[in-house]
Amino acid sequence: MEESIMPQIRGAAKKSLHAKHDALADTQRQLELLSGGMFADGELPTFKARIAQAGKFPLRPKKLEILQINLGYMCNQVCGHCHVDAGPDRREIMDRHTMELCLGAIGRTGAHTLDLTGGAPEMNPDFRWFVEEAAQAGIQDFIVRSNLTIILANKKYHDLPDFFKKHRVHVVSSMPHYTRGKTDKQRGDGVFDKSIKALKMLNAVGYGDPESGLRLDLVHNPSGAFLPGDQAALEHDFKKALWEDFNIVFNHLFSITNLPISRFLDYLLASDNYEEYMVALVDAFNPAAVEQVMCTNTLSVGWDGTLYDCDFNQMLGLKVSGKPSHIRDYDEAVLQDRDIVISQHCYGCTAGAGSSCQGTVT
Ligand code: SF4
Ligand code: SF4
């Protein structure tokens, strides 16, 4: 099907599912949906059955490489596809005590990458303190996931590019598309223009210039109920368009698949695309991607310190199996000896070239 005639996400949400008291804000409801229907009646194989058939069940961690910490679900945007169900109305943010526990774990981890995410992590009042402290741990790759528009959302954020530069932070920013129409459709009116301004501010301090060592990567996700295109081809198109239209440079593009969770699940159901999307994910199952899924090299820490196999499991309330399941009891050796918790949303990570927070996996 041509992308142009495929169902597209229609604009940003006004409020989070949580604020609307929507039934889908309940993670149990989401898990029931993901286990019911075509999976319950055997029309489609469950993810467990499919990976067992490929000889890959249970899914087990390999070496821990990435510690991903969610600083909270508060965000200045309410994007239509958001799997976090983030927004200005969310109040769940990490407190300083939990951050101190995280710093203890960062000091002991064998992971080479620290990945701060949200919501908009910059909105946490202790964000700068935490970055300053964490930067001293000497982690090889220190990522902050910034939605770009936060830099322009309030005067107090305007100096974020300099702050990021000072701490040699690797900035990873969501930018669904290089056209205004597709980006605004998914994230809200005016988001594209603000994102362009923010990218220019990051470029102005050296981000995206290969000589500077200041890394700026962009994240693309499809604007509707279809799988992303080829990552290398998309990176080429993004680089060409952003340079020719705005003189903007960046390092790499990560192309990620929308997982059927939270607001994207809500969109799939509301637009009557849920079944078709799940069939597409199952049909595109790639056994080679199973070896590389994010949960095999990542641990995710929730805003309250709870530990999860990945960010998606966090949003479904699926804690790591067994103990420890809180950052206060962090023991990497014990944690690495666990079975990963899976459900049908995992098909999003194994479709086509596979998908993770770092883009495709095969
Ligand atoms: S910017 Fe990111 S976290 Fe915020 S609403 Fe959009 S997708 Fe969700
Ligand atoms: S959703 Fe999480 S647990 Fe499932 S395959 Fe993807 S990374 Fe692993």
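Rules used throughout
- Residues numbered from 1 in each chain as written.
- Chains lettered and ligands numbered in written order.
- Predicted model: local features only at pLDDT ≥ 70, side-chain atom pairs only at ≥ 80, totals over all residues.
- Heavy atoms only, no water.
- Helix = DSSP H or I, 4+ residues; strand = E, 2+ residues; numbered from the N terminus.
- Buried < 20%, exposed > 50% of the residue type's maximum accessible area, 1.4 Å probe, protein only.
- Contact = heavy atoms within 4.5 Å.
- Areas by Shrake-Rupley, 256 points an atom, 1.4 Å probe, with all protein chains shown as cover.
- Near = heavy atom within 4 Å.
- Nonpolar A, V, L, I, M, F, W, Y, C, P; charged D, E, K, R; others polar.
- Phe/Tyr/Trp six-rings, centres within 6.5 Å; stacked < 30°, edge-to-face > 60°.
- Lys NZ or Arg CZ within 6 Å of the ring centre and 35° of its normal.
- Axes fitted to C-alpha atoms, helices over the stretch in contact; angles between N-to-C directions.
- Parallel < 35°, antiparallel > 145°, perpendicular 65-115°, else oblique.
- Pairing = 2+ DSSP bridges.
- Salt bridge = Lys/Arg side-chain N within 4 Å of Asp/Glu carboxyl O.

Engineer: Describe the overall build of the chain, listing the residues and the values that go with them.
Structural biologist: Across its full length, the chain carries 16 helices and eight strands. Principal axes of the C-alpha set define a box for the chain whose edges measure 55 × 50 × 40 Å. The buried share of the chain, reckoned over its 362 residues, is 56%. Pairs at least 24 apart in sequence give 75% of the contacts found in the chain among residues at least 6 apart. Carbon and sulfur atoms form 50% of the exposed surface of the chain, whose accessible area is close to 14,900 Å².

Engineer: Outline the site of ligand 2, listing residues and values.
Structural biologist: Neighbouring ligand 2 are Leu259, Met294, Cys295, Cys310, Phe312, Asn313, Ile340, Val341, His345, Cys346 and Cys349. Taken together, the residues of the shell around ligand 2 break down into nine nonpolar, two polar and no charged.

Engineer: Tell me about the site of ligand 1, and name the residues and values.
Structural biologist: Looking at ligand 1, the residues that line it are Cys75, Gln77, Cys79, His81, Cys82, Ala86, Gly119, Asn147, Arg187 and Arg263. Of the residues contributing to the shell around ligand 1, the split by class is four nonpolar, four polar and two charged.

Engineer: So what's going on with the packing of aromatic side chains? Residues and values would help.
Structural biologist: Two aromatic rings, taken as a pair, are described by how far apart their centres are and by the angle between their planes. Following the criterion strictly, the structure yields 11 aromatic pairs and no others. Centroid distance Phe127 to Phe163: 6.1 Å. Interplanar angle 55°. Geometry classified as tilted. Taken together, the residues Phe127 in helix 5 (residues 127–135) and Phe163 in helix 7 (residues 160–166) connect sequence positions 36 residues apart. Per residue, the accessibility class of Phe127 equals that of Phe163, and both read buried. Ring centres of Phe285 and Tyr347 lie 6.2 Å apart, and the angle between their planes is 80°; on these two criteria the pair is classed as edge-to-face. With Phe285 in the loop between helix 12 (274–283) and helix 13 (287–290) and Tyr347 in helix 16 (residues 347–350), the pair connects residues that are 62 residues apart, well separated along the chain. Here Phe285 and Tyr347 have matching classes, each one buried. Ring pairs connect the aromatic residues Phe39, Phe47, Phe285 and Tyr347, which therefore count as one cluster. Above the face of the Phe163 ring, Arg128 is positioned so that its terminal group lies 5.0 Å from the ring centre. Between Lys239 and the ring centre of Phe250, over which it is positioned, the NZ or CZ distance is 5.4 Å.

Engineer: Give a description of the side chain of Arg145 that names residues and reports values.
Structural biologist: Structurally, the position occupied by Arg145 is in strand 3 (residues 141–146). In this structure Arg145 comes out as buried when scored by relative accessible area, which is 13%. Those residues in contact with Arg145, other than ones at most four positions away along the chain, are Gln68, Asp115, Leu116, Thr117, Pro121, Glu122, Val172, Val219, Cys357 and Gln358.

Engineer: Go over the packing of helix 8 (residues 180–187) against helix 9 (residues 191–204), please, and point to the residues and values.
Structural biologist: The N-to-C vectors of helix 8 and helix 9 enclose an angle of 110°; their axes lie 8 Å apart at closest approach. Taken as axis vectors, helix 8 and helix 9 run roughly perpendicular relative to one another. For the pair helix 8 and helix 9, the contacting residues are Arg180, Thr183, Asp184 and Arg187 in the first and Val191, Phe192 and Asp193 in the second. Tallied by class, the residues present in the contact of helix 8 with helix 9 amount to two nonpolar, one polar and four charged.

Engineer: Let's hear about the sheet that holds strand 6 (residues 253–255): which residues, and what values?
Structural biologist: The strand order across the open sheet built from eight strands is 6-5-4-3-2-1-7-8, with neighbouring strands paired in mixed fashion. Two strands in the sheet have a free side with no partner beyond their single neighbour: strand 6 and strand 8 (307–308). The pairing of strand 1 (residues 66–70) with strand 2 (residues 113–117) spans five bridges and is classified as parallel. Bridge pairing in strand 2 places Asn70 opposite Thr117.

Engineer: Residue-level account of the pattern of salt bridges, with values.
Structural biologist: Counted according to the given criterion, the structure contains 15 salt bridges. A salt bridge links Asp339 to Arg60; the nearest nitrogen and oxygen atoms lie 2.9 Å apart. Taken together, the residues Asp339 in the loop between helix 15 (332–336) and helix 16 and Arg60 in the loop between helix 3 (47–53) and strand 1 connect sequence positions 279 residues apart. Judged by relative accessible area, Asp339 falls into the partly exposed class, the value being 36%. Salt-bridge contacts for Glu244 lead to Lys240; the nearest nitrogen and oxygen are separated by 3.5 Å. Taken together, the positions of Glu244 and Lys240, both in helix 10 (residues 231–246) and four residues apart, correspond to about one turn of that helix. Accessibility expressed as a relative area gives 52% for Glu244, which makes it exposed. Where salt bridges share partners, they join Asp85, Arg90, Glu92 and Arg263 into one cluster.

From the geometry alone we can't say anything about function, so treat these as descriptive.
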